[in-house]
Amino acid sequence: YPNNGVAYHVGSPWALKAEASQHPNKAVTWSLQEGASAGIISADGVFTGSSAGPCHVVATSMADPTKAATLLIIVKPPITLSITPSSITTSVGTKVTFTSQDISGDNAVNWSSNGGVISSYTYYSGEFYAVTPGIYTIYAVSRIDPTMTANATITVVPVISATLNPSRPILG
């Protein structure tokens, strides 16, 4: 049912549906034009790509094997997130921008932290506002595959202020 050219990531299963519309027996068999090197497809149409690149999924009518439909799927590299900087120290009252990177090119993430305040600046960057001293973890969760995450550590130190107030001048 999806359109040709749909993109999906290596290792992520995807349930496909097809039926032989011109015959009472609507059942189909599934196969991959590129063979097993492109991935696997189960008897009930669950496709999992095993390598990046184009893959043609074929649904063939069980009632009439001369009738088939082919779907082109562009299999993308697996989602692999990282965050820059991975570790940083800053002081209370500052703002630090974190950036997510994904080798598959799908950098859209949701940001969260276990302290301080973080907000999404763009789909791939978040701004952390250092409110109180402590060691916090910043989390980036892929919007495409929520099982893919990355984290970074931020240490927030208090602002130290000193006042010089000599009670008597020193003359030299």
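In the block above lies the structure referred to throughout.
What you see as residue numbers is a count from 1 along each chain, following the sequence as written. A pLDDT threshold of at least 70 governs which residues receive local features in this predicted model, and a stricter bar of 80 or more applies before side-chain atom pairs are shown or counted, although totals over entire chains, interfaces and linings include all residues. Values shown for side chains rest on all heavy atoms present in the structure; no hydrogens or waters enter the calculation.

Enquirer: Summarise unusual backbone geometry; cite the residues concerned and give the values.
Expert: A cis amide bond, omega -5°, links T84 with the succeeding residue P85. Following the sequence through the fold, P85 ends up in the loop between β8 (81–84) and β9 (87–91). Each helix is a run of DSSP H or I of at least 4 residues and each strand a run of E of at least 2, with the numbering of both proceeding from the N terminus.

Enquirer: Go over the nonpolar core with me, naming the residues and quoting the values.
Expert: Side chains that are nonpolar tend, in soluble globular proteins, to be buried together. Core analysis: the largest hydrophobic core is formed by 17 residues, its most contacted members being I83, F98, W111, F128, I138, I154 and V156. Among the secondary structure elements, those contributing two or more residues to this core are β8, β10 (95–102), β11 (109–113), β14 (134–142) and β15 (149–157). If you tally residues by element for this core, the top one is β15, at 4 residues. In this description, a nonpolar core means a group of buried Ala, Val, Leu, Ile, Met, Phe, Trp, Tyr and Cys residues linked to one another through side-chain atoms lying within 4.5 Å. The cut-offs for exposure are 20% and 50% of the maximum accessible area for each residue type, with area from a 1.4 Å probe on protein chains only; residues under the lower value are buried, those over the upper are exposed, and the others partly exposed.

Enquirer: An account of the environment of V159 is needed here, citing residue identities and associated values.
Expert: Assignment of secondary structure puts V159 in the segment after β15. Along the chain, V159 and S91 lie 68 residues apart, while their C-alpha atoms are 6.0 Å from each other. In contact with V159, not counting residues within four places along its chain, are S91 and V92. We call two residues in contact whenever any of their non-hydrogen atoms come within 4.5 Å of each other.

Enquirer: Quick rundown of the environment of T70? Include the residues and the values.
Expert: You can see T70 is positioned in strand β7 (residues 68–76). Note on T70: relative accessible area 40%, which makes it partly exposed. Separated by 39 residues in sequence, T70 and S31 have C-alpha atoms that sit 9.5 Å apart.

It is worth stressing that arrangement in space is one thing and function is another; only the former is reported here.
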